[in-house]
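A look at the structure
Spelled out from the first residue to the last, the chains are:
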Amino acid sequence: MVEVFGAVGAKQVHEVDAGGSATPGCSAATLGLSLAEAKAILAGLQRHLVQAQAEEHCQVRRRCPRCGGQRPLKDQRPRQLRSLFGTVEVRAPRFEPCRCGVSLRTILSPVKEIMPDRCTPEYERMLAEFGALLPYRSARTLLGTFFYLGDLPTIDSIQRRTL
């Protein structure tokens, strides 16, 4: 279970994984978490944390700093964030300019502010490091072995991030 507390004080509880083994007894092979179980837990934890953080950031940015009112909602789109622990889909609302604003009349996209490249800096850094140390195809395989990336990045993507 993961409990997420927002700045407003709202508490959200999400089940990430139900542990336990279906086979009775204990052996070296069943002791602790397997790599696949650890990847699944981290992916679930990442999903809930990213979604909660993005939602909270959007709520804060919806308030106009000038008058304190809420900006009108223009639309809402799905956006994906790639990280070492999986690809997370978040709702990305866009807000119309506040009615009080006379100088700045642009559409506000809070998710774009925190996810400009649609991937985490750590994800970019790991792709670049592995790509610099190994042939790109080997780097891709090794990343998929140790991290839950969902769909593995293309070899071209690893090359671009490395360069």
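Everything below is about the structure printed above this text.
What you see is a predicted model, and the numbers here were worked out from it, not measured in a lab.

Definitions and cut-offs
Residues numbered from 1 in each chain as written. Predicted model: local features only at pLDDT ≥ 70, side-chain atom pairs only at ≥ 80, totals over all residues. Heavy atoms only, no water. Core = buried A, V, L, I, M, F, W, Y, C linked by side-chain atoms within 4.5 Å. Buried < 20%, exposed > 50% of the residue type's maximum accessible area, 1.4 Å probe, protein only. Helix = DSSP H or I, 4+ residues; strand = E, 2+ residues; numbered from the N terminus. Contact = heavy atoms within 4.5 Å.

Moving on to the nonpolar core. In terms of nonpolar packing, the biggest core is built from eleven residues, these being Leu84, Cys119, Tyr123, Met126, Leu127, Phe130, Ala139, Leu143, Phe147, Leu149 and Ile158. Breaking this core down by element, the ones donating at least two residues are helix H3 (121-133) and helix H4 (136-146). Examining the composition of this core, we find that four residues originate from one element, H3, more than from any other. Contact partners of alanine 139, with chain neighbours within four places excluded, come to Phe130, Gly131 and Leu134. Membership of the second largest hydrophobic core comes to nine residues, among which are Val50, Ala54, Cys58 and Ala92.

Below, the discussion takes up unusual backbone geometry. For arginine 118, which is not a glycine, the phi torsion comes out positive at approximately 60°. Residue placement: arginine 118 occurs in the loop between helix H2 (110-114) and H3. With relative accessibility at 42%, the residue arginine 118 sits in the partly exposed group.

This part covers the side chain of serine 83. In this fold, serine 83 is placed in strand S3 (residues 73-83). The exposure class assigned to serine 83 is buried, which follows from its relative accessible area of 2%. Setting aside chain neighbours within four positions, we find serine 83 in contact with Gln46, Thr120, Tyr123, Tyr148 and Leu149.

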